[in-house]
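Survey of secondary and tertiary structure
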Amino acid sequence: MTRTVIESATKTAIIGFDQPFCVIGERINPTGRKILNEELERGDFSRVEADALAQVAAGATVLDINSGAVFSNKMAEDPRYADNNFVEPTLMKQLVECVQAVTDCPLCIDSSVPGALENGLAAAKGRPLLNSVTGEEERLELVLPLVKKYNVPVVAISNDDTGISEDPEVRFAVAKKIVERAADFGIPAHDIVVDPLVMPIGAMATAGLQVFTLVRRLREELGVNTTCGASNISFGLPNRHGINNAFLPMAMGAGMTSAIMNPVALPVGPKAIAEKRAAVEAAGIILPEGMDDESFVKLFGMGSTLPRPGKEMEAIRAANFLTNNDDSGGAWIRFNKAPGEPGADGATSGRRGGRRRRG
């Protein structure tokens, strides 16, 4: 069985065909997150710490750390900050050290800047996953020596110098090329985790079918583990969680063994709560005096004011159970116990209720 081993100083995460699905938490990424960008520019890492802890609590088994920040204010003062090769190596080291200070979850070092990748690998304890290498010649020559030097597994993205092909045959050929080039460096196939590239189903009707076919081929013909940016499949569509919830178990059934995704259902914010309270009041609904926000949002089905596992995590845990990668359904049962309920903390509890055995 192909097993890709990722380690922190004290914990091991295994991506494998016979293992529970590996969730790689994607939240520590300043791309498209204006507030996080601004905080990192000020040297404030409190949101990074909170995101790390929330993702682990929601079920992430690996944390992706992306250093692709844009420091607009510093850029205006010093033109060097316009160059990611200047910004990312220092930031990556800070991010890795920050996350390791609050959790021992294994890490995935994520950057397009070779200097950031090396700084992340040097700062990370254990054996992190490296994200990523592509089939582009320059990228292969830059990244594969790092993979060999630090003896780490790597995400291999199925695009090359010609770009991202819509033809699944081309994407498979690129993946095969990367596996073969890695072998030239002495990097085994079990340390290659292929991302076959998920296209948005809203733009390409065959996107789902393509991924399922590719994943089966990658498993059967190349013997490699696979991953993807899970939310790409639903990009631009309504009820994205509904599509993601269907896609992930289907991809798992085809043989996909991990995904880079957000495991956390984001908390309901004060603005949404205030708007809903106003609507309730306008409708003449009388609420108990002093009802707190958490009770209010639960009463009206808005979610929670606290981070909690997202619906995608529910689908993944159910699929783990159905594919016999959850011993006796223990993880599923613990996931569905209310906080404070016996066994909700993961401890083994005696069997209660149900049908009694006859003597």
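Residues numbered from 1 in each chain as written. Predicted model: local features only at pLDDT ≥ 70, side-chain atom pairs only at ≥ 80, totals over all residues. Heavy atoms only, no water.

Side note on the sheet that holds strand E7 (residues 154-157)
Strand pairing in a sheet is mediated by backbone hydrogen bonds. Such pairs are either parallel or antiparallel. Spatial ordering of the open sheet is given by E9-E8-E7-E6-E5-E4-E3-E10, a layout of 8 strands whose pairing is parallel. The sheet terminates laterally at strand E9 (225-226) and strand E10 (258-261), the two strands that pair on one side only. The pairing of strand E3 (residues 22-28) with E10 spans 4 bridges and is classified as parallel. Each bridged residue has a counterpart across the sheet, and for Val23 the counterpart in E10 is Ala259. (Pairing = 2+ DSSP bridges. Helix = DSSP H or I, 4+ residues; strand = E, 2+ residues; numbered from the N terminus.)

As for the state of the cysteines
The final tally for this structure, using the stated rule, is 0 disulfides. Left unpaired, Cys105 is separated from the closest cysteine sulfur, that of Cys22, by 8.4 Å. Look at Cys105 and you get buried, because its relative accessible area is 6%. (Disulfide = S-S within 2.5 Å. Buried < 20%, exposed > 50% of the residue type's maximum accessible area, 1.4 Å probe, protein only.)

Digging into the nonpolar core
One broad trend across soluble globular proteins is that nonpolar side chains are buried collectively. The biggest cluster of nonpolar side chains holds 73 residues, and the ones touching the most others in it are Val48, Ile109, Leu130, Ile192 and Phe247. Ignoring anything within four residues of it in the chain, the contact list for Leu130 reads Ile109, Leu117, Leu121, Val143, Val147, Val152, Pro153, Val154 and Val155. In this structure, Ile6, Cys22, Cys108 and Leu197 belong to the second largest nonpolar core, which totals 13 residues. (Core = buried A, V, L, I, M, F, W, Y, C linked by side-chain atoms within 4.5 Å. Contact = heavy atoms within 4.5 Å.)

Re the environment of Leu91
When you line up the elements, Leu91 lands in helix H4 (residues 84-102). When its relative accessible area of 2% is taken as the criterion, Leu91 is described as buried. Separated by 51 residues in the primary sequence, Leu91 and Leu40 place their C-alpha atoms 8.4 Å from one another. Not counting chain neighbours up to four residues away, the residues in contact with Leu91 comprise Leu40, Phe45, Ser67, Ala69 and Phe71.

Considering the confidence of the model for the chain
Atom-level detail of predicted coordinates should not be read off regions where pLDDT is low. Across the chain, the average pLDDT comes to 93, with 94% of residues at 70 or higher. A low-confidence stretch, residues 345-359 stays under pLDDT 50, and its non-local contacts, those more than four residues away or across chains, total 3 contacts. (pLDDT = per-residue confidence, 0-100.)

Observations regarding the packing of aromatic side chains
Tallied over the full model, the rule gives 5 aromatic pairs. Note on Tyr81 and Phe86: the rings are 5.0 Å apart at their centroids and 90 degrees apart in plane angle, and the pair reads as edge-to-face. Note on Phe212 and Phe247: the rings are 5.9 Å apart at their centroids and 25 degrees apart in plane angle, and the pair reads as stacked. Residue Phe212 is located in helix H8 (residues 207-222), and its partner Phe247 is located in helix H9 (residues 240-254); the two are separated by 35 residues in the primary sequence. The exposure class of Phe247 is buried, given its relative accessible area of 5%. Through a chain of ring-to-ring contacts, three or more aromatic side chains come together here, namely Phe71, Tyr81 and Phe86. (Phe/Tyr/Trp six-rings, centres within 6.5 Å; stacked < 30°, edge-to-face > 60°.)

Re the pairing of strand E6 (residues 129-134)
Buried residues dominate E6, accounting for 6 of its 6 residues. Handedness of the strand E5 (residues 107-110)-helix H5 (residues 114-123)-E6 crossover: right-handed. Pairing of E6 with E7, which is carried by 4 bridges, proceeds in the parallel orientation. Note on E7: the bridge partner recorded for Val133 is Ala156. (Right-handed = clockwise from strand over helix to strand, strands pointing away.)

A few points about helix H12 (residues 311-322)
Its 12 residues give H12 an end-to-end C-alpha distance of 17 Å, which sits within 8% of 16 Å, the value for a rise of 1.5 Å per residue. Packed against the buried residues of H12 are E3, helix H2 (46-58), H9, E10, strand E12 (308-309) and helix H13 (330-335). Immediately downstream of H12, the backbone of Asn324 shows phi near 65 degrees, a positive value. (Expected span 1.5 Å × (residues − 1).)

Some details on the pattern of salt bridges
Enumeration according to the criterion identifies 16 salt bridges in this entry. For Lys93, the salt bridge is made with Glu97, and the minimal N-O distance between the two is 2.6 Å. With Lys93 and Glu97 both in helix H4 and 4 residues apart, the pair spans about one turn of that helix. Exposure remark for Glu97: the relative accessible area of 39% places this residue in the partly exposed category. Where Arg217 meets Glu221, a salt bridge forms, and the shortest distance between an N and an O atom there is 3.0 Å. Taken together, the positions of Arg217 and Glu221, both in helix H8 and 4 residues apart, correspond to about one turn of that helix. Shared partners join several salt bridges into a network, and the residues in it are Glu137, Glu141, Lys177 and Arg181. (Salt bridge = Lys/Arg side-chain N within 4 Å of Asp/Glu carboxyl O.)

Re helix H7 (residues 168-184)
The end-to-end C-alpha distance of H7 is 25 Å, a good match for the 24 Å that 17 residues give at a rise of 1.5 Å each. Those residues of H7 lying buried are Arg171, Phe172, Val174, Ala175, Ile178, Val179, Arg181 and Ala182. Check the buried side of H7 and you find it contacts E6, helix H6 (137-150), E7, strand E8 (192-195) and H8. Two to three positions downstream of the cap, the backbone nitrogen of Glu169 sits 2.9 Å from a side-chain oxygen, assigning the N-cap of H7 to Asp167. (Polar contact = N/O pair within 3.5 Å; in protein donor to acceptor, adjacent residues only side chain to side chain.)

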